[in-house]
Amino acid sequence: MSSELYEIRKELGVTEEWLYVLVRDEEENLFWHALDPVSGKWQRIPPMPDMLPEDEIIPMSASSSYGWWGLSSHKVKELLRGLFGRKDSPDKSPFCGCAAGSVGGCLYVLGGFSRASAMRSVWLYDPRVNAWKEVAAMGTPRAYCKTALLHGKLYAIGGVNRGHAGLTPLQSAEVYEPAANTWTPIPSMPFAKAQVLPTAFLADMLKPIATGMAAYQGKLFVPQSLYSWPFFVDVGGEVFDPMSEAWTEMPRGMGEGWPAKQAGTKLSVVVGESLYALDPTSSLDGSRIKVYDSETDSWKVVLRKVPILLDLSDSESPYLLAGIRNMLHVITKDINDRIIVIRADIYAGTPSYQTAPTSALSNCAAGEGLSETEPERWKTIASKNFGSVELVNCQVLDV
């Protein structure tokens, strides 16, 4: 239970990577489950605190709607409208819209909404003591923000907050220093492409939002979109360099080719020194794993026909991505409603695979019809039935 044990394990190179998965049940409650990928055993960690200090709460209109992250799939369209003006669907779920990150072997949960209130609160889960505690609050109340770990610091960028006409996107950003337990503002995203809209009408109608973030090659890459119900228009993105504390435009090929999932969000994971994303295409080729090639500024397919049930699941998040032990993993659900963790046969420096892998899920419709002669590219490392739940988020902790 002491920090000394963790530091010694880290020095000796014998720390363990555990996967923490956030799920939501039918009553909109959020729960974290931890997986030891070596043994394949799951553990449920204590629930997140449901009471927050009043001075951490920023009152909001009870008629406001809150967005898409952490809500059941049947509410997605309704709440997307509400994010930019429609007034219904009050929040009933504590931590709705919270973000998550990991630093120093601990899990962090940032902001979100509670009882129709936006929050600055940040909660830390320490696996050594199996308990939650509150740490320094963010400078700005925010929900649905994007997080990333870079140089031992946790960045929180964008999200939404209360505006005069409901919720409005945030351009602000801040960084957390664990040792000092402090948040420091960093320059806001310029959203440069949103500033050059030709008319005030378009500027009012199209709302700029950050749709993802990845810590890659020592910088923060933030894809962005302009939103107007029911459409998301990709506008590339911007890159933050913590050394110069300046934002620049994202490389064109990177922004235009970054795969998007439902509600316009762009999910990715860095494994080793490579940036991966899953393209949930509905074409006959099926979903594909892509890797970004910085030399050619393009996304290349490395695995085809990822065994996820996009066509059979109504989940808002039919999949999540994680890097465990320097290997790419996909977290999804099978047709029996079990959460499964599958490992891709991709390693740093491996050449691009253009052949289709056989499915790791024998009962997964996404794998039917694949050639039996192709090499196996997927392996299921764990599965468990948690009841009727939906995937929300995942983090990998080095403990």
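Everything quoted here is computed from the prediction, not taken from an experiment.

A. Region of the structure containing the sheet that holds strand β3 (residues 41–44). Spatially, four strands are ordered β3-β2-β1-β29 in an open sheet, and the strand pairing comes out antiparallel. In the strand order of this sheet, the two ends are held by β3 and β29 (389–398), each with one partner. Averaged over all neighbouring strand pairs, the angle between strand axes comes to 25°, with direction disregarded.

B. Representation of a nonpolar patch on the surface in the model. On the surface, Ile8, Leu12 and Val14 cluster together into a nonpolar patch covering about 280 Å² of accessible area. Locating Leu12 in the fold gives a position in helix α1 (residues 3–12). Residue class for Leu12 comes out exposed when judged on its relative accessible area of 63%.

C. Quick look at the packing of aromatic side chains. Summed over all chains, the structure comprises twelve aromatic pairs. Residues Tyr20 and Tyr125 carry aromatic rings whose centres are separated by 6.0 Å and whose planes lie at 55° to one another, so their mutual orientation is tilted. On the criterion of sequence distance, the pair formed by Tyr20 in strand β1 (residues 17–25) and Tyr125 in strand β8 (residues 122–126) is long-range, its members being 105 residues apart. Of the two residues examined, Tyr20 and Tyr125, each falls in the buried class. Ring plane angle 50° and centroid distance 5.9 Å describe the contact between Phe113 and Tyr144, whose orientation is recorded as tilted. Here the residue Phe113 occupies a position in the loop between β6 (106–110) and β7 (117–119), and Tyr144 occupies one in the loop between β9 (131–135) and β10 (146–150), the gap between them amounting to 31 residues. Given the relative accessible area of 7%, Tyr144 is considered buried.

D. Local environment of the side chain of Asp334. Within the secondary structure, Asp334 is located in the loop between β26 (327–333) and β27 (339–344). The buried category is assigned to Asp334, whose relative accessible area is 5%. A distance of 2.9 Å separates the side chain of Asp334 from the backbone nitrogen of Asn336, its partner in a polar contact.

E. A look at the confidence of the model for the chain. Model confidence for the chain is summarised by a mean pLDDT of 79, while 72% of its residues fall at 70 or above. The low-confidence segment residues 52–90 (pLDDT under 50) makes 116 contacts with residues lying over four places distant or belonging to another chain. Scored below 50 in pLDDT, residues 348–374 shows 60 contacts in the model against residues more than four places distant or in partner chains.

F. The arrangement of the pattern of salt bridges in detail. Under the defined criterion, the tally for this structure stands at 13 salt bridges. A salt bridge links Glu174 to Arg142; the nearest nitrogen and oxygen atoms lie 2.9 Å apart. Residue Glu174 is located in strand β14 (residues 173–177), and its partner Arg142 is located in the loop between β9 and β10; the two are separated by 32 residues in the primary sequence. Among the residues examined, Glu174 registers a relative accessible area of 3% and is labelled buried.

G. Inspection of the sheet that holds strand β5 (residues 99–103) at higher detail. Pairing is antiparallel in the open sheet, where four strands are placed in the order β5-β6-β8-β9. At either margin of the open sheet sits one strand with a lone partner, and together these are β5 and β9. Taken pair by pair, the neighbouring strands of this sheet meet at an average axis angle of 25°, ignoring direction. Bridging between β6 and β8 involves four bridges; their strand directions are antiparallel. Note on β8: the bridge partner recorded for Tyr108 is Leu124.

H. Structural detail: the environment of Ala180. Of note, Ala180 is situated in the loop between β14 and β15 (182–186). Taking C-alpha positions, Ala180 is 9.5 Å from Ala136, a pair spaced 44 residues apart along the chain.

I. Examining the environment of Leu391 more closely. As for its position among the elements, Leu391 is in strand β29. Owing to a relative accessible area of 1%, Leu391 belongs among the buried residues under this scheme. A sequence separation of 58 residues divides Leu391 from Lys333, and the C-alpha atoms of the two residues are 8.5 Å apart. Not counting the four nearest positions on each side in its chain, Leu391 is found in contact with Val21, Leu22, Val23, Ser317, Pro318, Tyr319, Leu320, Ile331, Thr332, Lys333 and Ile339.

J. Broad picture of the pairing of strand β25 (residues 319–324). Among the six residues in β25, five count as buried, and that is most of the element. Bridging between β25 and β26 involves six bridges; their strand directions are antiparallel. Directly across from Leu320, in β26, lies its bridge partner Ile331.

Cut-offs used in this document
- Residues numbered from 1 in each chain as written.
- Predicted model: local features only at pLDDT ≥ 70, side-chain atom pairs only at ≥ 80, totals over all residues.
- Heavy atoms only, no water.
- Pairing = 2+ DSSP bridges.
- Helix = DSSP H or I, 4+ residues; strand = E, 2+ residues; numbered from the N terminus.
- Axes fitted to C-alpha atoms, helices over the stretch in contact; angles between N-to-C directions.
- Patch = residues over 30% accessible without salt bridge, like charges linked within 9 Å, V, L, I, M, F, W, Y side chains within 5 Å.
- Areas by Shrake-Rupley, 256 points an atom, 1.4 Å probe, with all protein chains shown as cover.
- Salt bridge = Lys/Arg side-chain N within 4 Å of Asp/Glu carboxyl O.
- Buried < 20%, exposed > 50% of the residue type's maximum accessible area, 1.4 Å probe, protein only.
- Phe/Tyr/Trp six-rings, centres within 6.5 Å; stacked < 30°, edge-to-face > 60°.
- Polar contact = N/O pair within 3.5 Å; in protein donor to acceptor, adjacent residues only side chain to side chain.
- pLDDT = per-residue confidence, 0-100.
- Contact = heavy atoms within 4.5 Å.

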